[in-house]
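# Tertiary structure, described
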Amino acid sequence: IALPIIYIFSLDFRKRERIEVSPRRKKILSSRIVGDHSNCYQRPKTMKDNDDKYEKAERGSTKILPKTALLILLCGLSFYLGGLYCGKNKLQVNDVAKAGSSLDVVDNSPQVKSVSFPECSSDYQDYTPCTDPRKWKKYGTHRLTFMERHCPPVFDRKQCLVPPPNGYKSPIRWPKSKNECWYRNVPYDWINKQKSNQHWLKKEGDKFHFPGGGTMFPNGVSAYVDLMQDLIPEMKDGTIRTAIDTGCGVASWGGDLLDRGILTVSLAPRDNHEAQVQFALERGIPAILGIISTQRLPFPSNSFDMAHCSRCLIPWTEFGGVYLLEVHRILRPGGFWVLSGPPVNYENRWKGWDTTVEAQRSNYEKLQDLLTSMCFKMYAKKDDIAVWQKSSDNACYNKLSNDPDAYPPKCDDSLEPDSAWYTPIRPCVVVPSPKLKKTGLESTPKWPQRLHATPERISDVPGGNGGLFKRDGSKWKARAKHYKKLLPAVGSDKIRNVMDMNTAYGGLAAALVDDPLWVMNVVSSYAANTLPVVFDRGLIGTYHDWCEAFSTYPRTYDLLHVDGLFTSESQRCEMKYVMLEMDRILRPNGYAIIRESSYFVDNIASVAKGLRWSCRKEQTESESENEKLLICQKKLWYSSNTTSETK
C-alpha cells in the first residue's frame with residue numbers, strides 16, 4: 001500500500017533536485033549516465049561554491065522537512081507490514097527446527113543451490129592430487145623432484161568422490177590397530193612380498209600384521225629403541241617430546257615411541273607400491289607425505305626435538321649436504337639427529353651393502369666433516385646407531401659469520417627461517433636467533449609441563465602474548481567439552497586420527513591431550529605464523545594452503561575440525577574444492593566439526609549433502625547468533641562399478 005505513495009514523493013524530491021542542480025552539474029551527471037568519464041575530474045570547490053550550497057539548503061529545508069518526515073513514516077509502515085507477513089512463515093520454520101533433536105535440521109534453503117558430485121573411477125581409490133605418480137613423467141628426476149608436490153591446475157582438478165577399495169571396512173580401533181589392519185583397506189601386495197623377510201608386515205588371512213621389524217632392527221623395534229634410550233637419556237624424562245622419522249617404512253619406530261610419550265611425524269614420499277604413509281595412518285600413527293629434495297619441508301625452524309633415519313636411503317653427503325642442512329633447520333638447538341645404517345658401523349657392515357670398505361670409510365668421514373661444519377657434535381655411538389647433537393652455543397655459529405671461506409656458510413637475512421611453503425632449500429646454515437633464549441631443548445620445559453607453559457616464540461606472533469595464550473587455552477577447554485556433548489565419539493576409541501585444519505596455537509589438541517587420539521595441527525601458509533608455538537608446546541603440525549590438496553592418502557583421518565576456515569579463505573579458495581578435499585581425506589563413517597559464521601553454514605551444508613554427508617546444525621557453547629556448528633558424518637558407500645550398496 002505504501003509503495004505507490006513513496007514513489008510519488010520520490011518523484012517530487014527528484015523534481016526539486018532538478019530545480020536546484022546547476023547546468024554544469026547536470027552536464028556531469030548526464031555524462032556519467034551514458035558512460036562518458038571525461039568530466040570525472042572536477043575543479044576544486046571554491047568558497048563561493050560552498051556559500052551558494054548553504055544558501056540553497058536553508059531555502060529548501062523548511063519545504064522538504066514535512067515531506068521527509070512523512071516519507072520516513074511511510075517507510076516504517078511498509079517495513080512493519082512486511083515483517084508481519086514474513087514473520088508468519090518464519091515461525092513455521094522455527095517450529096520444524098524445534099521438533100528435531102538439535103537446533104536445526106540442515107537442508108538446502110531456497111537461496112542455496114543444491115550440488116552433487118559423481119564418483120571417481122575405481123582406479124582413483126588411492127588418489128593423491130599433488131603427488132600423483134601418473135604425472136611424474138612431466139617432472140625432472142634430479143634429486144627426485146618429481147616426488148615433490150606438483151598440484152594440478154584448476155582446469156584439471158577432479159570434481160568427483162574418491163571411492164574406497166572394494167571390501168573396505170571401518171578401521172580397527174586403537175590401540176589394537178598399531179599391530180594389525182584390514183588388508184582390503186590398504187590392498188598392497190608388493191610391500192608384503194618385498195619386506196616380509198624384514199618383518200615390516202605380514203599378511204595373514206584378511207589382515208596385515210605388524211611384528212615391529214625393520215631393516216636395521218631385526219630383533220624388533222622395541223629392542224632398537226631401548227638401545228637408543230640408553231644412548232640418549234633425554235628420551236626417558238620428558239625432555240624429548242617431538243620427533244620426525246625420515247623414510248619411515250610402516251612407521252614402527254614412531255608407533256613404539258608413542259608408548260614412551262614421544263610424538264613422531266613419520267615422513268615418506270608417495271610411491272607406486274609401498275604406501276608407507278597410508279600404512280602408518282591406517283595403524284593410527286601420525287604421518288605425512290613428503291620428501292627432502294629441493295624444497296624445504298613444511299615445518300618451521302627449530303621445531304623437532306629429535307630426527308631419525310634408519311637406512312632411509314637419503315644421500316646425506318651429496319649435493320653439498322643440503323639434506324643435512326634441512327634437518328639442521330627443523331631441529332631445535334640441543335636437538336638430536338639419529339642415524340642407523342650406511343655408513344655407520346661400516347667396518348662390520350660394508351659387505352652387506354654392496355660396496356667397499358674404502359668407499360664407506362670415505363663416506364663416513366665426509367659425513368662427520370659436514371656435520372661438524374654445521375655445528376653438530378657427536379653425542380653417542382654404539383653398534384649400528386650414531387647420535388649427533390645440534391649445538392645451542394652461539395660461538396660455533398659466530399665462527400661461520402666470521403669466516404668468509406666457511407662451507408656451508410651462514411644464511412643471510414634475505415630468507416625467513418620459518419618460510420617453508422614451496423621454499424627452496426638453500427646451501428647455507430640457518431642460525432638460531434640469538435634473541436630467543438628459551439627455544440633450545442635444555443631450556444624448554446619438560447613434557448607435560450611444556451604443554452601449558454607460555455612459549456617464548458609467541459612474542460613473534462602479531463598481538464601474541466602470555467595473557468592471550470592463557471585465554472586461548474581456557475577457550476578451547478570449553479569448546480572441547482561442548483564438542484564431546486554434541487559428538488560423544490570424541491574421546492572414545494572411535495576417533496584416533498584428528499586434523500585441526502586451521503589452528504592458531506594448538507588449543508584443541510591441548511584440550512584433547514588425555515584422550516586416545518593425536519592431532520595434526522595445520523597452520524595456513526597465508527595466516528600468522530603460529531606453528532612454532534604449536535611445536536614449542538610439544539605438539540605436531542604442518543603448514544598448508546587449503547586451496548590445494550593435503551599431503552596424505554585418501555581415508556586417513558577420523559575427525560576433521562574447521563574453525564572459520566571458509567570465512568578466512570573464501571576470497572582465495574573455492575568452497576567446493578576444499579570440501580571435496582575434506583571428503584577425500586576423511587574416513588567413511590568419520591566426522592567433521594565445522595565452526596563457521598552463520599553466513600556460510602547453509603552453503604557448507606548444501607555442499608556436504610552433495611558429498612553424501614549427513615549434517616546437523618548446532619549452537620556453539622556461547623550460543624552466538626553469528627556463529628554456528630555443523631556436526632557432519634561421512635557415509636560409507638561403495639563404488640557403483642563394483643556394488644550398488646550404499647550405507
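Shown above is the structure to which this text applies.
The notes below deal with the structure included here. In this text, all values refer to a predicted model and were calculated from it rather than measured experimentally.

Conventions used here
Residues numbered from 1 in each chain as written. Predicted model: local features only at pLDDT ≥ 70, side-chain atom pairs only at ≥ 80, totals over all residues. Heavy atoms only, no water. Core = buried A, V, L, I, M, F, W, Y, C linked by side-chain atoms within 4.5 Å. Buried < 20%, exposed > 50% of the residue type's maximum accessible area, 1.4 Å probe, protein only. Helix = DSSP H or I, 4+ residues; strand = E, 2+ residues; numbered from the N terminus. Contact = heavy atoms within 4.5 Å. Disulfide = S-S within 2.5 Å. Axes fitted to C-alpha atoms, helices over the stretch in contact; angles between N-to-C directions. Parallel < 35°, antiparallel > 145°, perpendicular 65-115°, else oblique. Left-handed = near helix turned anticlockwise from the far one by under 90°. Nonpolar A, V, L, I, M, F, W, Y, C, P; charged D, E, K, R; others polar. Salt bridge = Lys/Arg side-chain N within 4 Å of Asp/Glu carboxyl O. Phe/Tyr/Trp six-rings, centres within 6.5 Å; stacked < 30°, edge-to-face > 60°.

Here we take up the nonpolar core. Grouped together as the largest cluster of nonpolar side chains are 131 residues, with contacts concentrated most on Phe279, Trp316, Trp337, Phe566, Met579, Met582 and Trp613. Counting residues per element, this core draws most heavily on helix H16 (residues 575-585), at seven residues. With residues up to four places along the chain from it excluded, the contact list for Trp337 reads Ala307, His308, Trp316, Leu324, Val327, Leu331, Leu367, Leu371, Phe376, Ala386, Val387 and Trp388. Counting 21 residues, the second largest nonpolar core, distinct from the first, contains Val221, Met228, Leu257 and Phe336.

Here the structure, examined in full by the defined rule, presents seven disulfides. With its sulfur 2.0 Å from that of its partner, Cys547 forms a disulfide with Cys573. Taking the sign of the torsion about the S-S bond as the criterion, the disulfide between Cys547 and Cys573, at about -85°, is left-handed. You can see Cys547 sitting in the loop between strand E13 (541-544) and strand E14 (557-563) and its partner Cys573 sitting in the loop between helix H15 (565-569) and H16, a full 26 residues away along the chain.

Relative to each other, H16 and helix H17 (residues 598-610) sit at 55°, their axes nearing to 10 Å. As judged from the angle between their axes, H16 and H17 are oblique. In this structure, the crossing between H16 and H17 has a hand that is right-handed. Contacts from Met575, Lys576 and Met579 in H16 reach Phe600, Asn603, Ile604, Val607 and Ala608 in H17. Partitioning the contact of H16 with H17 into residue classes produces six nonpolar, one polar and one charged.

Let us now look at the pattern of salt bridges. The tally for this structure, following the rule as stated, stands at 39 salt bridges. Among the ionic pairs, Lys135 bridges to Asp156, the shortest N-O distance being 3.4 Å. Taken together, the residues span a long stretch of sequence, with Lys135 in the loop between helix H3 (47-99) and strand E1 (180-182) and Asp156 in the loop between H3 and E1 at a distance of 21 residues. Here Lys446 makes a salt bridge to Asp237, at a shortest N to O gap of 3.2 Å. Of this pair, Lys446 sits in the loop between helix H11 (394-402) and helix H12 (466-486) while Asp237 is found in the loop between helix H5 (221-231) and strand E4 (242-246), placing the two residues 209 residues apart along the sequence. Looking at Lys446, the relative accessible area reads 40%, which means it is partly exposed. One continuous salt-bridge network, built from bridges that share partners, spans Asp305, Arg332, Arg450, Arg457 and Asp536.

On to the packing of aromatic side chains, then. The geometry of an aromatic ring pair comes down to the distance between the two centres and the angle between the two planes. For the coordinates displayed, the defined rule picks out 20 aromatic pairs. Here Phe299 and Phe535 contribute two aromatic rings whose centre-to-centre distance is 6.3 Å and whose plane-to-plane angle is 80°, an arrangement assigned as edge-to-face. In this pair, Phe299 sits in the loop between strand E6 (287-289) and strand E7 (304-310) while Phe535 sits in helix H14 (residues 531-536), placing the two residues 236 residues apart along the sequence. Overall, the relative accessible area of 0% leaves Phe299 in the buried class. Its relative accessible area of 0% is what places Phe535 among the buried residues. Ring pairs connect the aromatic residues Tyr183, Tyr188, Phe208, Phe210 and Phe279, which therefore count as one cluster.

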